[in-house]
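So you can see what is in the structure, the chains are spelled out below.
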Amino acid sequence: MFRIPSGRKALERRRPRRPEASAGDRLTHLRCGAGRRGRRRSMVPALLVLLLPGAFAASAAAAAPPAQTEQTIEAIRIEGNDLIAEDAWLAHLTLEVGEPVDRDRIRSEFRQLWQTGFADDLRVELRPAPNGGAEVVFVVSERPKVVTVEFLGSEELDEDDILEKLEEEGQTIAVGAPYDADRVVQARDLIEEMLVDKGRTEGAVTSEITESDSGMRVVFNIRDEQQIRIRRVRFEGIEALDDWVLRWAMKKTRESHPLGALLGGSTYTEEQYAEDIENVRQEYLKRGYLDVSFGPPQFAYEDGHSRFLVFWKREKRWMDITIPVVEGEQYVVGDVSVEGANVFPAELVRGFIPLQTGEVYDESRVTEGLDSLRELYGARGYVQFTGFPTWHRKPEEKIVDVVVNLAEEDQFLVNRIEFRGNSTTKDRVIRREMWLNEQDIMNMELLKASIQRINQLGYFRPIEQPEIVPSPTDETRLDITLDLVEENRNQLTFGAGVSGLEGFFVNASFGTTNFLGRGETANFTVQTGNRTQNYQIAITDPYFMDKPVTLGFDVFKRTLKMREFTRDDLGGRLVFGVPIGRWSRAFLNYGYSVITISEPDPDIVLNLYDLYYNNIYLDPRFYGLSGNFRESKISPTFVYNTVDHPIFPSTGRKLTASLDVAGGRLGGNVHYLKPTLEGVYHMRVIGNTSLGLRAMGSYLHGYGGVDPAAGEPIDIFDVQQTGVPYYNRFFLGGEYQIRGYYIRSVGPRDDSGRLIGGNKMLLFNAEYAIPLAGPLRAILFFDAGNGFAEETSWNFNMLQDLRTSTGVEMRVFIPMLNVPFRLIFAYNPHRDYYHRATAFVFGIGTTF
């Protein structure tokens, strides 16, 4: 806390005595200054006290007047300002005309004005006003403005990167702002840090300040010097652990080989080294070496060239780091006890620490146990719980007794939960995802789960850290604030295009997962062209009437004109769902549709080569499958979902199990069962990279005959007799299944090579996501899948017939489209005669 000196002695200590003020001159003032402009500005103003503490008087020698009325402020003015308008100065004051003169309040206002940084010198004076009140006058000596800021001499650092770094650290030197010498020094230090991060540890930055009539010119002269990269990291004196184990523990101080650069860079900084050497210490503590110590690192330098660029060698300076290690003795566990446990029995707490007497001491087990205890205590409102082990060594016996110390602190309650930044999404849409309520006992696990649930919505940028502060009225109650940044979840598109499957088309659509900020999903689509027509309206409310009940509907009409046939779909669907667990929901959908297969459009020219030789798509008329198929089905579905984000997932699992039941008592002329099981798993790997896996299987089983309008069923692999319509058979391919293959081009074929589709399918996907810059990600993928006909039974031999695709995908999020845009290059190693070896595909969305 800053202390403000008062009294005449304090005034005399700070500067020579000012001439005595006459009765009509300045009656009172405060002042602070910074001296010359080149000197760093004081953070605490030197406040000078009131010279004449009494009320205004006509003469210093006059007799003491009778009790005076309280003076009021008649005017507030700024004097001496040339660069900054008076209104800009006054905007920082809360003092108003008409208020009584309050000297403490004026001191506070003076301090507030000084902290703006606009002035080199500042004083405040109380002057007599014409009507017997007082004028508050702030006399300023303005600091000059910055007219130019330049960064010269660096090839390593880009000016935009420097400005971005200064902005992140709050040290921006803006043109037009008052000159601040302290800020120049801070900016210079930050630029030097940037050089070190780039391996320019010998680089230097100087600042050149030039004053002119127009203002201050600030120039940073940057000297890059030679880049220094780590060539080798060695540990001296190690016996118990392998060298590679310790080098792997160093996440940032890595050797300069391609893998090392990918995993964490290859330049040296003291901060990174301190973090890494602590990681190395933890490796020893995992193995019972409690007395391990490290000497100062030793550096050796050598000039040379880049090690891996054969055709273009770039000059580099190499650094070899040698780290002395004294391992000490290995300890085993003796007695383990708990101190400070009051909320829970000590025996219960001891069970969370998986250390056993006689085994080698492992610090990581203690850390994991304390993390579990932190969750346990946090779920009961003890959010300030901390714990740590203390060791009592017995060096002669190489035994360590461990005491786990707990500091439980107070139990907290939830006072207020507020949301900040949701300009579109209504408050109730967010609050209904909170499993922690106001006035509940504070539960950190429920708070984390609530934040994860809000992130799953995809309406906002991922919430990283809530703001939790004690309530002003009760320190045992907490106010929780979630800062939200809205994401655009609306897709409004107008366009035209050409597709090999759909021909020329024009479309307009609107889709959103947060309709009018109410959390509803809505899709409206109109598409027409020479081969396709698509009209759809779909609306789903996940909290109908603000209850945890999902209700929705979908109506559609589609026409697709192929070279071989024309398909018309007309139907609708009803959706009903309820939650059955914290992360799971159950749905029951009912759909009815009429699918009509008819003759092809005569205006579409047949390509006989594709029709009879490539056989990419099934021709249902070849099997006589023309007419109307009326499909009436229900689909019970179970979904368990802990995936953290719908577009850019990095952690979590999703399990979906569904059963389509068509026909029978539901009506229609299609009768089948189709169970489907899908599992998705996401995990973080290194840094911000993540691995995603999907496995999916489905089976199609008919239990009745299909009666097309033509009449008699046709015996093609018992399709008609089993009741399985051709359009529900499994044809795989496309960017949502097997990326390197055409859509619906993978599946079983007849003896003539014609696609017939399968009644069972398997699909596997693996993705390794590497964030590159902003919304851009590189995806390394491997896909495998196929459909299987009736004669193939479920067995491991099916895996030998999977069609595979692998490659790289560049995925970037486009805000205007509100979906990821994808460029996919794929190689198909296990393919058949009908498929291409490589593919370059454009797409949108995600595979899973």
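Before reading further, recall that the structure is shown in the block above.
Note that this is a predicted model, so its numbers are computed, not measured. (Residues numbered from 1 in each chain as written. Predicted model: local features only at pLDDT ≥ 70, side-chain atom pairs only at ≥ 80, totals over all residues. Heavy atoms only, no water.)

## Side note on the environment of Asn-523
Tracing the chain through its elements places Asn-523 in strand 20 (residues 520-529). Taking the relative accessible area as the measure of exposure, Asn-523 reaches 31% and is therefore partly exposed. For Asn-523 and Ile-539, which are 16 residues apart along the polypeptide, the C-alpha to C-alpha distance reads 6.5 Å. Beyond its immediate sequence surroundings of up to four residues, Asn-523 is in contact with Phe-510, Gly-511, Gln-536, Ile-537 and Ala-538. (Helix = DSSP H or I, 4+ residues; strand = E, 2+ residues; numbered from the N terminus. Buried < 20%, exposed > 50% of the residue type's maximum accessible area, 1.4 Å probe, protein only. Contact = heavy atoms within 4.5 Å.)

## A word on helix 8 (residues 270-285)
For helix 8, which comprises 16 residues, the first-to-last C-alpha distance of 22 Å matches the rise-based estimate of 22 Å (1.5 Å per residue) to within 8%. The set of residues buried in helix 8 consists of Tyr-273, Asp-276, Ile-277, Val-280, Glu-283, Tyr-284 and Leu-285. (Expected span 1.5 Å × (residues − 1).)

## A short note on the sheet that holds strand 13 (residues 386-394)
If you trace the three strands from one edge of the open sheet to the other, you get 12-14-13, paired in mixed fashion. Every interior strand has two partners, whereas the edge strands, strand 12 (332-339) and strand 13, have only one. Taking the axes of each pair of neighbouring strands and ignoring which way they run, one obtains an average angle of 20° across the sheet. As paired strands, strand 13 and strand 14 (residues 399-407) are joined by nine bridges and run antiparallel to one another. Across the sheet, residue Pro-389 finds its bridge partner in strand 14, namely Val-404. Against the sheet, helix 10 (residues 363-378) touches strand 13 and strand 14, its axis set at about 150° to strand 13. (Pairing = 2+ DSSP bridges. Axes fitted to C-alpha atoms, helices over the stretch in contact; angles between N-to-C directions.)

## Focus on the pattern of salt bridges
Side-chain pairing between opposite charges can occur once the charged atoms of the two side chains come close. Under the defined criterion, the tally for this structure stands at 53 salt bridges. Here Asp-180 ties to Arg-143 by a salt bridge, and the two come within 3.7 Å at their closest N and O atoms. Of this pair, Asp-180 sits in the loop between helix 4 (159-168) and helix 5 (181-197) while Arg-143 sits in the loop between strand 4 (134-142) and strand 5 (146-152), and the two are 37 residues apart along the sequence. Given a relative accessible area of 23%, Asp-180 falls into the partly exposed group. For Arg-143, a relative accessible area of 5% translates into the label buried. For the salt bridge of Asp-660 with Lys-674, the shortest nitrogen-to-oxygen distance reads 4.0 Å. Taken as a pair, Asp-660 in strand 26 (residues 652-662) and Lys-674 in strand 27 (residues 672-684) lie far apart in primary sequence, 14 residues in all. Of the two residues examined, Asp-660 and Lys-674, each falls in the buried class. (Salt bridge = Lys/Arg side-chain N within 4 Å of Asp/Glu carboxyl O.)

## Brief notes about the side chain of Asp-644
Residue position: Asp-644 is located in the loop between strand 25 (627-641) and strand 26. In this structure, Asp-644 is buried with no salt-bridge partner, the nearest side chain bearing the opposite charge being Arg-684 at 4.7 Å. At 2.6 Å, the side chain of Asp-644 and the side chain of Ser-650 are in polar contact. With residues up to four places along the chain from it excluded, the contact list for Asp-644 reads Gln-452, Asn-455, Gln-456, Pro-649, Ser-650 and Thr-651. (Lys, Arg positive; Asp, Glu negative; His and termini not counted. Polar contact = N/O pair within 3.5 Å; in protein donor to acceptor, adjacent residues only side chain to side chain.)

## Quick look at the pairing of strand 21 (residues 532-541)
With eight bridges joining them, strand 20 and strand 21 adopt antiparallel strand pairing. Bridge pairing in strand 21 places Gln-527 opposite Asn-534. Examined bridge by bridge, strand 21 and strand 22 (residues 550-561) share ten bridges and lie antiparallel to one another. Bridging across to strand 22, Thr-540 finds its partner in Gly-552.

## Topic: the sheet that holds strand 5
Pairing in this open sheet of three strands is mixed, and the strands run 5-7-6 from one edge to the other. What marks the edges here is a single partner per strand, and that holds for strand 5 and strand 6 (204-211). Going across the sheet, the axis of each strand differs from the next one's by a mean of 15°, ignoring polarity. In this sheet, strand 7 (residues 216-223) lies alongside strand 6 in antiparallel orientation, the contact comprising eight bridges. The residue bridging Glu-211 from the neighbouring strand is Met-216, located in strand 7. Strands strand 5, strand 6 and strand 7 of the sheet are contacted by helix 5, whose axis makes an angle of about 150° with strand 6.

## Looking at unusual backbone geometry
A positive phi angle, near 55°, is found at Lys-398, a position not held by glycine. Note on Lys-398: relative accessible area 38%, which makes it partly exposed. The phi dihedral of Glu-409 is positive, around 60°, even though this residue is not glycine. Position of Glu-409 among the secondary structure elements: in the loop between strand 14 and strand 15 (413-420). Look at Glu-409 and you get partly exposed, because its relative accessible area is 45%.

## With respect to the packing of aromatic side chains
A full pass over the atoms with the stated rule returns 16 aromatic pairs. Seen from their ring centres, Tyr-284 and Tyr-289 are 5.8 Å apart, and the 90° between their planes marks the pair as edge-to-face. Taken individually, Tyr-284 and Tyr-289 each receive the classification buried, so the pair is uniform in this respect. Centre to centre, the rings of Tyr-361 and Trp-391 are 5.9 Å apart; their planes meet at 80°, and the pair counts as edge-to-face. Of the two residues, Tyr-361 sits in the loop between helix 9 (346-350) and helix 10 while Trp-391 sits in strand 13, which places them 30 residues apart along the sequence. The exposure class of Tyr-361 is buried, given its relative accessible area of 0%. For Trp-391, a relative accessible area of 25% gives the class partly exposed. The structure contains a cluster of three or more aromatic residues connected by ring pairs, namely Phe-344, Tyr-377, Tyr-382 and Phe-385. Sitting over the ring of Trp-248, Arg-254 keeps its end group 5.1 Å from the ring centre. (Phe/Tyr/Trp six-rings, centres within 6.5 Å; stacked < 30°, edge-to-face > 60°. Lys NZ or Arg CZ within 6 Å of the ring centre and 35° of its normal.)

## Topic: the nonpolar core
Core analysis: the biggest nonpolar cluster contains 23 residues, and Val-349, Leu-355, Tyr-361, Leu-373, Tyr-377 and Leu-406 have the highest contact counts within it. For this core, the secondary-structure elements that each account for two or more residues are strand 12, helix 10 and strand 14. Among the elements that make up this core, the one with the highest residue count is helix 10 (five residues). Counting 22 residues, the second-largest nonpolar core is a separate cluster that includes Ile-228, Ile-230, Phe-235 and Met-250. (Core = buried A, V, L, I, M, F, W, Y, C linked by side-chain atoms within 4.5 Å.)

## Here's the deal with the environment of Asn-437
Position of Asn-437 among the secondary structure elements: in the loop between helix 11 (427-431) and helix 12 (444-457). Asn-437 sits in the partly exposed class, given a relative accessible area of 42%. For the pair Asn-437 and Asn-415, spaced 22 residues apart in sequence, the C-alpha separation works out to 8.9 Å. In this view, Asn-437 contacts Val-414 and Ile-417; residues no more than four positions away in its chain are not counted.

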